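Remarks on the overall topology
Residue-level listing of the chains:
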Amino acid sequence: MNALDAYKLWYDFSDIACSAVRRQKFVDGDSGNIEWDRLEQAMRIAALSFACSMFEELGKKHEQPHNKVLSHLRNAVIHNGGDLRQNNDSNSEADCLAYLQAKPWTAFDPPERPVHGNLFSIDSGKVTLGSGLFFFINRLFDSY
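This text gives an overview of the structure that appears in the document.

Before going further, it helps to examine the overall build of the protein. On a plain count of helices and strands, the protein comes out with five helices and two strands. Beginning at the N terminus, the succession of helices and strands in the protein can be written as α-α-α-α-β-β-α. Burial analysis of the protein (144 residues in total) assigns 37% to the buried set. Element-wise, carbon and sulfur atoms account for 49% of the exposed surface of the protein, whose accessible area totals about 8100 Å².

A few words now on helix α2 (residues 36-57). In this model α2 runs 32 Å from its N-terminal to its C-terminal C-alpha over 22 residues, within 8% of the 32 Å that 1.5 Å per residue would give. Of all the positions in α2, only Trp36, Gln41, Arg44, Ala47, Leu48, Ala51, Cys52, Met54 and Phe55 are classed as buried. Down the axis, α2 shows its buried residues gathered within 155° of arc, on one side only. Phi turns positive, to about 75°, at glycine 59, one or two residues after α2.

This brings us to the nonpolar core. Counting 31 residues, the largest nonpolar core has Leu70, Leu73, Phe120, Phe136, Ile137 and Phe141 as its most contacted members. Among the secondary structure elements, those contributing two or more residues to this core are α1 (3-28), α2, α3 (65-79), α4 (92-102), β1 (120-123), β2 (126-129) and α5 (133-143). Once you skip the residues sitting within four places of it in the chain, leucine 70 turns out to touch Leu48, Cys52, Phe55, Leu133, Phe136, Ile137 and Leu140.

The description of an aromatic ring pair uses the distance of the two centres, along with the angle that the planes make with each other. For the structure on display, the rule yields four aromatic pairs. Pairing phenylalanine 55 with phenylalanine 141 gives two aromatic rings, centres 4.6 Å apart and planes at 25°, and the pair type is stacked. With phenylalanine 55 in helix α2 and phenylalanine 141 in helix α5, this pair connects stretches of sequence that are 86 residues apart. Phenylalanine 55 sits in the buried class, given a relative accessible area of 2%. Accessibility expressed as a relative area gives 4% for phenylalanine 141, which makes it buried. Look at tyrosine 99 and phenylalanine 120: their rings are 6.3 Å apart centre to centre, the planes differ by 20°, and that puts the pair in the stacked class. Taken together, the positions of tyrosine 99 in helix α4 and phenylalanine 120 in strand β1 put the pair 21 residues apart, joining distant regions of the chain. Relative accessible area serves as the criterion here: at 5%, tyrosine 99 is assigned to the buried category. For phenylalanine 120, a relative accessible area of 4% puts it in the buried group.

The phi dihedral of lysine 103 is positive, around 55°, even though this residue is not glycine. With respect to the element layout, lysine 103 can be found in the loop between α4 and β1. The exposure class of lysine 103 is partly exposed, given its relative accessible area of 45%. Although it is not a glycine, serine 124 adopts a positive phi angle of roughly 55°. In this fold, serine 124 is placed in the loop between β1 and β2.

Alternating residues of β1 divide into Phe120 and Ile122, all buried, and Ser121 and Asp123, none buried. Hairpin connection, β1 to β2: the antiparallel pair is bridged by two residues, and serine 124 has positive phi, about 55°.

On to α3, then. Each full turn of the α-helix corresponds to 3.6 residues, which orients residues three or four apart in the same direction. In this model, α3 (15 residues) spans 21 Å end to end at C-alpha, consistent with the 21 Å of a helix rising 1.5 Å per residue. For α3, the full list of buried residues reads His66, Asn67, Val69, Leu70, Ser71, His72, Leu73, Arg74, Ala76 and Val77. Residues of α3 that are buried in the fold lie against α2, α4, β1, β2 and α5.

Cut-offs applied
Residues numbered from 1 in each chain as written. Predicted model: local features only at pLDDT ≥ 70, side-chain atom pairs only at ≥ 80, totals over all residues. Heavy atoms only, no water. Helix = DSSP H or I, 4+ residues; strand = E, 2+ residues; numbered from the N terminus. Buried < 20%, exposed > 50% of the residue type's maximum accessible area, 1.4 Å probe, protein only. Areas by Shrake-Rupley, 256 points an atom, 1.4 Å probe, with all protein chains shown as cover. Expected span 1.5 Å × (residues − 1). Arc of directions from axis to C-beta. Core = buried A, V, L, I, M, F, W, Y, C linked by side-chain atoms within 4.5 Å. Contact = heavy atoms within 4.5 Å. Phe/Tyr/Trp six-rings, centres within 6.5 Å; stacked < 30°, edge-to-face > 60°. Pairing = 2+ DSSP bridges.

Shape is all these values report; function is a separate question.
Here's what the structure looks like:
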């Protein structure tokens, strides 16, 4: 698979994933039985997992700090209930905290279209994926 094919697959997936949550919220928005935050978090986890598999396929799993951090996040949310401290890589939490502090994603952030929302947050080792994740991954694919 080349970078263009991976980007097209990501673009199709992100379009479907984002619209599915929006559509369900539009149809069932008044339902008190749906935990919208959990639903959005589930779609972000699916997106992160999908993107990481595409980066791995392209041989870019740890090519940049961005990909390494995304991989740490994916391992935490998929395998460890969102807890970075449970990852096999003992540097996961430190790497992610340093990444948040340094804000290197702003290199992909042109003034006319900044990343909307945060990428992720960490509280006592637990990760919450933010609303800016889809936009950031789009830009990261663009950089390849």
